[in-house]
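A structural walkthrough
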Amino acid sequence: MTQDELKAAVAREAVKHVVPDAIIGVGTGSTANLFIDELAKMRDRIQGAVASSVRSAERLAGHGIRVLDLNDVDDIPVYVDGADEVTAGLAMIKGGGGALTREKIVAAVARRFVCIADESKLVDRLGRFPLPVEVIPMARAHVSRALVAMGGRPVLRAGFVTDNGNQILDVSGLVISDPAAVETEINQITGVVTVGLFARRGADVLLLGTSGGVRTLRAA
């Protein structure tokens, strides 16, 4: 199976986790887009969706799915999103698409986080994929120096501005043996909006597309 076919398979499987007559949280990226397309087939059975990016909101609306502001929502039973890397312990690197802050906010509200990914995203240790860090523009150089002191090699994502009006540093070379600790350390750097490590609030369920079918991994 191709990577796109694996992504499509997990998107179809993720629909089974959608709670009827409730609001669904929806992530951002190529796999999340396929989930949105599947969600459109049952749009009359959900109240609506909260999107983690403008792009996802536009795709949802294009399918006739009601898009809600998170501030108007009290409860999100399930949030479905992809990952750039994920471990068997369900810690993730996210933010390749630049929506990491809003993804982290929606994930924090959701009662259950269902991660959908193809088998190429499963790793023993996070960090091969450059770690995205959203920063306030005036703090970019300060944050970069702090990340270098941690052993990282930050590079500004050129020509990109987040939905929040900020910039992203993509950081290579970090040793992420303790994802939750690294997440906390980077988040404490003044000027960081958030880091694309999802460890303190990782996924609850991973639907992993493999050549042998969709595997389901659950948090311990």
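Let's talk about the pairing of strand β12 (residues 205–210)
Counting buried positions over the six residues of β12 gives six, a clear majority of the element. Residues V205, L207 and G209 line one face of β12 and the alternating positions L206, L208 and T210 line the opposite face, and both faces are buried. Across five bridges, strand β6 (residues 110–118) lies against β12 in parallel orientation. Residue pairing in the sheet places C115 in a bridge with L206 of β12.

Brief notes about the sheet that holds strand β11 (residues 197–198)
Spatially, three strands are ordered β4-β5-β11 in an open sheet, and the strand pairing comes out antiparallel. Looking at the sheet topology across the chains shown, the edges are occupied by β4 (85–86) and β11. Alignment of strand β5 (residues 92–93) against β11, held across two bridges, turns out to be antiparallel. Among the inter-strand pairings, M92 is bridged to a residue of β11, identified as F198.

Topic: the packing of aromatic side chains
Within the structure shown, the criterion is met by one aromatic pair. Above the face of the F160 ring, R157 is positioned so that its terminal group lies 5.3 Å from the ring centre.

Some words on the sheet that holds strand β3 (residues 76–81)
Strand order in the open sheet formed by six strands is β2-β1-β3-β6-β12-β13, and the pairing between neighbours is mixed. The open sheet has two edge strands, β2 (48–51) and β13 (213–218), and neither has a second partner. Ignoring strand direction, the axes of neighbouring strands in this sheet form an average angle of 25°. Two strands pair when backbone bridges link them, and β12 and β13 are joined in this way by six bridges, in the antiparallel orientation. Its bridge partner lying in β13, L206 is registered against L217. Seen against the sheet, helix α1 (residues 3–14) touches β3, β6, β12 and β13 and runs at an angle of roughly 145° to β12. Packing of helix α2 (residues 30–39) onto the sheet brings it into contact with β1 (23–26), β3 and β6, and relative to β1 it is tilted by some 155°.

Calculation notes
Residues numbered from 1 in each chain as written. Predicted model: local features only at pLDDT ≥ 70, side-chain atom pairs only at ≥ 80, totals over all residues. Heavy atoms only, no water. Buried < 20%, exposed > 50% of the residue type's maximum accessible area, 1.4 Å probe, protein only. Helix = DSSP H or I, 4+ residues; strand = E, 2+ residues; numbered from the N terminus. Pairing = 2+ DSSP bridges. Phe/Tyr/Trp six-rings, centres within 6.5 Å; stacked < 30°, edge-to-face > 60°. Lys NZ or Arg CZ within 6 Å of the ring centre and 35° of its normal. Axes fitted to C-alpha atoms, helices over the stretch in contact; angles between N-to-C directions. Contact = heavy atoms within 4.5 Å.

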